[in-house]
Amino acid sequence: MSSSADRNEPILLRASGLAAGYGPLQVLWDVDLEVASRECVILLGPNGAGKTTLLKSLLGLVPLWGGQIEFGGSRVERLRTDRRVQAGIAYMSEIGVFPNLSVDENLRLGGYFLPRHETRLRAQRLYAKFPDLVQHRRALAASLSGGQRKMLSLAKAFMSGPRLLVMDEPSAGLSPRYVKEVVATLDGLHAEGLSMLIAEQNLGFLDLADRVCVLDSGRMRFSGDRSTLERDDVLRRSYFGLEEPSRAKPD
Ligand code: ATP
């Protein structure tokens, strides 16, 4: 897999001391997170760890209780979501598309703040990049296969011309074959220099990682390279579900 990140690349996203939650429930506790230009960071963590909450808080979809977020050198934590998207952060949620809208309508929504001619131009470029979508451009997103829907949600996120693509479980609902296809597509985008932050539990995505972060119970437990994570017994067992043979319990 390609790795386009370089240790000397500037930091694109820097979040520090993030706290967030819902009503009385605090979910994120003093979370720090960085993504450099051209870097792909994979965010691991068990169900309920707060991965979605963290990603949404970066976009302003969940209000922050505390902390700050810098993107491209400017503070963005007080900006509305659409301003953060215009600044260059795109978000791909688990669902990602509007099923009752056509492929074309979904794409245009991704670039809703662009002038019309620019929307048309970018859509044309994206159809060239995702040729499988062209023949379905008038079909409802609901009629697409799981893999095609995922490609549409990627293309939709791309309409805004992002510098950082933030993705929540792109493998959700996909067969292993399509997971491979999505990983290959993301690998290509990464090689072109796109920065990515991907919350995932599917280990196939680790092949894309320049760096891995582990969130547990709303706290960042680890940030480092994949091999360091795999060498750490506790983290390995917790997040990879791997037992060492000598310590595995008998049936
Ligand atoms: P998963 O992998 O299962 O999606 P996650 O790591 O993405 O988990 P979150 O979805 O961020 O975790 O959830 C973190 C905690 O916040 C959980 O306890 C969850 O029940 C709670 N939570 C999430 N969304 C809401 C909400 N809208 N209102 C109240 N609590 C919520």
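Check the entry above for the structure.
It should be emphasised that the depicted structure is a prediction, and the values quoted were computed from it without experimental measurement.

Draft legend 1. Representation of the site of the ligand. Near the ligand you find 13 residues, and of these Gly48, Gly50, Lys51, Thr52 and Thr53 are the closest. In the model, an oxygen atom of the ligand is placed 3.4 Å from a nitrogen or oxygen of the Asn47 side chain. Contact distances for the ligand include 2.5 Å between an oxygen atom and a side-chain N or O atom of Thr53. Those elements that provide at least two residues to the shell around the ligand are strand S2 (25-36) and helix H1 (51-59). Ranked by residue count, the leading element in the shell around the ligand is H1, at three residues. Across the shell around the ligand, the residue classes break down as five nonpolar, six polar and two charged.

Draft legend 2. Spotlight on the packing of aromatic side chains. In this structure the tally under the stated criterion is one aromatic pair. Ring geometry for Tyr112 versus Phe113: centroids 5.3 Å apart, planes at 90 degrees, classification edge-to-face. Under the relative-accessibility criterion, Tyr112 is labelled partly exposed at 48%. The ring of Tyr178 has Arg177 sitting right over it, with the charged end atom 4.7 Å from the ring centre.

How each quantity is defined
- Residues numbered from 1 in each chain as written.
- Predicted model: local features only at pLDDT ≥ 70, side-chain atom pairs only at ≥ 80, totals over all residues.
- Heavy atoms only, no water.
- Near = heavy atom within 4 Å.
- Polar contact = N/O pair within 3.5 Å; in protein donor to acceptor, adjacent residues only side chain to side chain.
- Helix = DSSP H or I, 4+ residues; strand = E, 2+ residues; numbered from the N terminus.
- Nonpolar A, V, L, I, M, F, W, Y, C, P; charged D, E, K, R; others polar.
- Phe/Tyr/Trp six-rings, centres within 6.5 Å; stacked < 30°, edge-to-face > 60°.
- Buried < 20%, exposed > 50% of the residue type's maximum accessible area, 1.4 Å probe, protein only.
- Lys NZ or Arg CZ within 6 Å of the ring centre and 35° of its normal.

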